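Coordinates in review
Given next are the chains, with one letter for each unit.
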Amino acid sequence: MVYAKGGTSQFSGGKGNVVKMNVYQEISQIIKEADGILIGASNGLSIAEGYNIFADDAWFQENMGDFREKYGLRCVLHGFSVPMKVEEKWAFVSRLVKAKAMQDEPSEIMKNIYALVKDKEYFVVTSNAEDHFVPAGFEADRVFEMEGKLTQMRCKNRCHDEVYPNQKAVLAMTEEEVNGRVPKELLPKCPKCGGDMEVNWGEMSSFTETKNWKEKAAYRYVHLGIPIPTHLFCIRKKWWRYNFDIGKMRYKRKQYIEKQLNKDMYGQKNKRYSGR
């Protein structure tokens, strides 16, 4: 979302939400004039980079085919929710982290996004866990990964709230994995209690209790004014409400979204939101 002083939206759409040919130049100009940039990133950005946690796509079938056959998995998200032995779970996780989170270099998409905002005051709130913002140049203190990071791990027993990088362990596990299992001697162990470690991602248990999450969430509350919600439904609605209240926002579907926002927040409070 882009915020600037005064002005009205110049975005236009027609049948099929067709936007003017010069929309990208217009967006670039708006960003240049903006007082600050608040970036909200979710699965659409991941999908644009070729990572879809909801899809039984070619990548998933090729790289997770054995887990797919054994457990009937149909997407990455499904793999995190199915109970497995710890040596199998880490085999699944380490393959994913190596392939999707440990990039040799940032994608062109991430490079372009950073180039647009690097000279501005910006903050990023993202539900994407693949850790692509900081490697692209974004300052770590300005990025809140609200569902954790696949490149980190934490104690499964929750004996303390620290998080640890897992890239070195991931590389060792992927090299030695056999038949969908990691050798037990390579399984990450908690440095304090000796228990099992797990990936620091929201689909696993207790990610909101980690020190890193608490610190970032507090920063988000103070600087963005968005209360910490418990469901993505709430996050999306609070996000929209905050954006519309703080100033003149250039957004091509502002009136439609405001109408839907009021309907969803006040007319359908008790309905479960199924999107992300």
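Keep in mind it's a predicted model, so treat the numbers as computed, not measured. Position labels on residues start from 1 in each chain and follow its written sequence. Selection of residues for local features in this predicted model requires a pLDDT of at least 70, selection of side-chain atom pairs for listing and counting requires 80 or more, and totals for whole chains, interfaces and linings are taken over all residues. Side-chain calculation: all heavy atoms of the structure are included, whereas hydrogens and water are not.

**A word on the nonpolar core**
The nonpolar core is taken to be a set of buried Ala, Val, Leu, Ile, Met, Phe, Trp, Tyr and Cys residues, with the residues joined through side-chain atoms within 4.5 Å. Relative accessible area decides the class of each residue, using a 1.4 Å probe on protein chains only: under 20% of the type maximum gives buried, over 50% gives exposed, and in between gives partly exposed. With 32 residues, the main nonpolar core has Val76, Phe80, Trp90, Phe92, Leu96, Leu150 and Trp201 as its most contacted residues. Elements with a contribution of two residues or more to this core: α3 (58-63), α5 (76-81), α6 (86-100), β5 (148-155), α8 (167-176) and β7 (197-201). With six residues, α6 is the largest single contributor of residues to this core. Two residues qualify as a contact provided that any one of their heavy atoms is within 4.5 Å of a heavy atom in the partner residue. If near-sequence neighbours (up to four positions away) are discounted, leucine 96 is found in contact with Tyr51, Trp59, Met64, Val76, Phe80, Ala101 and Leu150. In this text, helices come from DSSP runs of H or I with a minimum length of four residues, and strands from runs of E with a minimum of two, each type numbered from the N-terminal end.

**Examining the packing of aromatic side chains**
Pairing of aromatic side chains here covers Phe, Tyr and the six-membered ring of Trp, requires ring centres within 6.5 Å, and sorts the geometry by plane angle: under 30 degrees stacked, over 60 edge-to-face, intermediate tilted. Tallied over the full model, the rule gives six aromatic pairs. Aromatic pair phenylalanine 80 and phenylalanine 92: ring centres 5.7 Å apart, planes at 85°, arrangement edge-to-face. Of this pair, phenylalanine 80 sits in helix α5 while phenylalanine 92 is found in helix α6, placing the two residues twelve residues apart along the sequence. Classification of phenylalanine 80 by relative accessible area gives buried; the value is 5%. On the basis of an interplanar angle of 90° and a centroid distance of 5.4 Å, the ring pair of tyrosine 122 and phenylalanine 138 is categorised as edge-to-face. Taken as a pair, tyrosine 122 in strand β3 (residues 122-126) and phenylalanine 138 in the loop between β3 and β4 (143-145) lie far apart in primary sequence, 16 residues in all.

**Notes on empty space enclosed by the protein**
To find the voids left in a structure, one rolls a probe of water-molecule size over its atoms. Cavity means a closed set of points on a 1 Å grid over the protein atoms alone, one where a 1.4 Å probe fits but cannot get out, pocket means an open set with protein on both sides within 12 Å along at least 5 of 7 lines, and lining means a residue has an atom within 4 Å of a point. Grid points are joined across faces, edges and corners, and a volume is the space filled by probe spheres set on the points. Per the stated rule, a full pass over the model turns up three cavities of 30 Å³ or more. In this structure, the largest cavity occupies an estimated 60 Å³ of space. What lines the largest cavity is simply Leu45, Glu49, Met110, Thr126, Asn128, Glu130, Asp131, His132, Phe133 and Glu145. Within the lining of the largest cavity, the residues separate by chemical class into three nonpolar, three polar and four charged. Put simply, Ala, Val, Leu, Ile, Met, Phe, Trp, Tyr, Cys and Pro go in the nonpolar bin, Asp, Glu, Lys and Arg in the charged bin, and everything else, Gly too, in the polar bin.

**Things to note about the packing of α6 against α8**
Every axis corresponds to a line fitted to the C-alpha atoms, with the helix fit spanning only the stretch in contact, and the corresponding angles, defined between N-to-C directions, vary from 0 to 180 degrees. Their axes nearest at 9 Å, the elements α6 and α8 cross at an angle of 115°. By the angle between their directions, the pair α6 and α8 is classed as roughly perpendicular. Taken as a pair, α6 and α8 cross one another with a handedness that is left-handed. Residues Trp90, Ser94, Arg95, Val97 and Lys98 of α6 form the contact with α8, whose own contacting residues are Val170, Leu171, Met173 and Thr174. Should an angle fall under 35 degrees it is taken as roughly parallel, and over 145 as roughly antiparallel, whereas 65 to 115 is taken as roughly perpendicular and any remaining angle as oblique. Should the near helix be turned counterclockwise from the far one by less than a right angle, the crossing is left-handed, whereas a clockwise turn marks it as right-handed.

**Brief notes about the pairing of β7**
Of all five residues in β7, five are buried, a share of seventy percent or more. Here the rule is simple: two strands pair whenever DSSP picks up at least two bridges between them. Two elements, β5 and β7, share five bridges in a ladder whose sense is antiparallel. Paired with methionine 153 across the two strands is valine 199, which belongs to β7.

**Focus: the pairing of β3**
In terms of burial, β3 is a largely internal element, five of the five residues being buried. Going residue by residue along β3, you find Tyr122, Val124 and Thr126 tucked away on one face and Phe123 and Val125 tucked away on the opposite face as well. The pairing of strand β2 (residues 36-41) with β3 spans five bridges and is parallel. Of the residues in β3, the one forming a bridge with glycine 40 is valine 125. As defined by bridge partners, β3 adjoins β4 across three bridges and the pair is classed as parallel. By the bridge assignment, valine 125 is partnered in β4 with phenylalanine 144.

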